[in-house]
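Spelled out from the first residue to the last, the chains are:
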Amino acid sequence: MFRWVFMFLNVVVGLLRHEPWKFLSAWFCPYAQRAWIALNHHKIPFEYIEALTLKLEPGQTLKDAKGYEKHELLLKHHPSGLVPTIVDADESMPAVYDSLVCVEFADDLAPCGKPLLPKDPVFRAEAKLWAAWADKNIASPFYSTLVPKEQERRLEGYNKLRDGLRKFQATMKGDFFLGGDMSIVDIAALPWCYRTFTCSIIETYRGPDFTFDRQEFAPLLRWLDRCLALDSVKSTLPESAALVDTYKRYADGTAESKVGAAVRAGKAAHDHD
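An unreviewed UniProt entry lists the chain under the name Glutathione transferase, with Polarella glacialis as the source organism.

Peer 1: Which residues make up the UniProt feature "domain: GST C-terminal" (unreviewed entry) in the chain, and what values do they have?
Peer 2: Feature annotation in UniProt assigns "domain: GST C-terminal" (unreviewed entry) to the following positions: residues 120-250. A distance of 40 Å separates the end C-alpha atoms of residues 120-250, which is 71% helix and 0% strand.

Peer 1: Requested: an account of the packing of helix H4 (residues 99-109) against helix H5 (residues 121-146), with residues and values cited.
Peer 2: Remark: H4 packs on H5, axes separated minimally by 11 Å, with the N-to-C direction vectors making an angle of 150°. Here H5 runs roughly antiparallel to H4, going by the angle between their axes. The element H4 and its partner H5 pack so that their crossing is right-handed. In contact with Leu-100, Glu-104, Asp-107 and Asp-108 of H4, H5 contributes Arg-124, Lys-128, Ala-131 and Ala-132. Here the residues of the contact of H4 with H5 sort into 3 nonpolar, no polar and 5 charged.

Peer 1: An account of the sheet that holds strand S2 (residues 46-50) is requested, with residue identities and associated values reported.
Peer 2: A sheet is described by the order of its strands in space; here 4 strands give the open sequence S2-S1-S5-S6, paired in mixed fashion. At either margin of the open sheet sits one strand with a lone partner, and together these are S2 and strand S6 (96-97). In terms of strand pairing, strand S5 (residues 85-87) meets S6 through 2 bridges, oriented antiparallel. Looking across to S6, one finds that Thr-85 is bridged to Tyr-97. Helix H2 (residues 30-41) contacts strand S1 (21-25), S2 and S5 of the sheet and is inclined by roughly 150° relative to S1.

About the cut-offs
- Within every chain, residues take consecutive numbers counted from 1 along the sequence as written.
- With the structure being a predicted model, the display of local features is reserved for residues of pLDDT at least 70 and the display and counting of side-chain atom pairs for 80 or more, all residues being used for whole-chain, interface and lining totals.
- Heavy atoms from the whole structure form the basis of all side-chain values; hydrogens and water molecules are not counted.
- UniProt positions are given in the numbering used here, feature names are shortened, and annotations may be inferred rather than shown by experiment.
- The helix count covers DSSP runs of H or I at least four residues long, the strand count covers runs of E at least two residues long, and both are numbered beginning at the N terminus.
- Each axis is a line fitted through C-alpha atoms, and for a helix only the stretch in contact is used; angles between axes span 0 to 180 degrees, taken between their N-to-C directions.
- Every angle not falling under 35 degrees, over 145, or within 65 to 115 is termed oblique; those three ranges are roughly parallel, roughly antiparallel and roughly perpendicular.
- Take the far helix as the reference: if the near one is turned anticlockwise from it by less than a right angle, the crossing is left-handed, and if turned clockwise, right-handed.
- By the convention used here, residues are in contact when the closest approach between their heavy atoms is within 4.5 Å.
- The classification used treats Ala, Val, Leu, Ile, Met, Phe, Trp, Tyr, Cys and Pro as nonpolar, Asp, Glu, Lys and Arg as charged, and all other residues, Gly among them, as polar.
- Note: two strands are recorded as paired if DSSP finds a minimum of 2 bridges between them.

The structure is reproduced here in structure tokens:
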């Protein structure tokens, strides 16, 4: 018992010493949104830093964006200059990055909060496997549908995305994926479900052949509504029309991102360097 008390006090002291954390993010990035939701969920104090800014010339709009301006802190602390990245206040510790690692990190910072990963090792491993599955079967096919120029590749991506959404919906154990509360699995899928169903990004750029039957996905849409109603999620939601505009660069094949480059090269989005 004393061991657990000691560990708890160490965590508390660590939180006080490093408060606030520096959260290097980008308002339009779904991967950064995952970490943002997790930090909000646990009410972890942090300084939000817009570290990836869409590069625009005078007179251009979000639809004209191609590349990025990267904050000096991001270039300093992340080897590839990607968001999300979390750094302690005095920048004395190694940075934390990779979106799902950041979600786990937020959970570790708040051992007394409502966990995003089960404490039991077996169920914890199961949750991590499902989060990785969502990365490969929901997040990546979103880009495989949107980015390719070849209609055959687009349809292949669309069918994989639709199958992934069907399996996610069929496997849900309650109001949220693992039961009654939000978990890492919900967070893993949520940003792309928001972009697919709420913002209709794929339909906007790829037309009626790439629609999703809302009656078929009614349970998934109810899940999405529950997620979007959470305070931890609300503040991370970009305005829909602006977000749609930022995806034009993916749809026309000009996005200067590692995800866009990977998909154009025939890889899956999660296989980017």
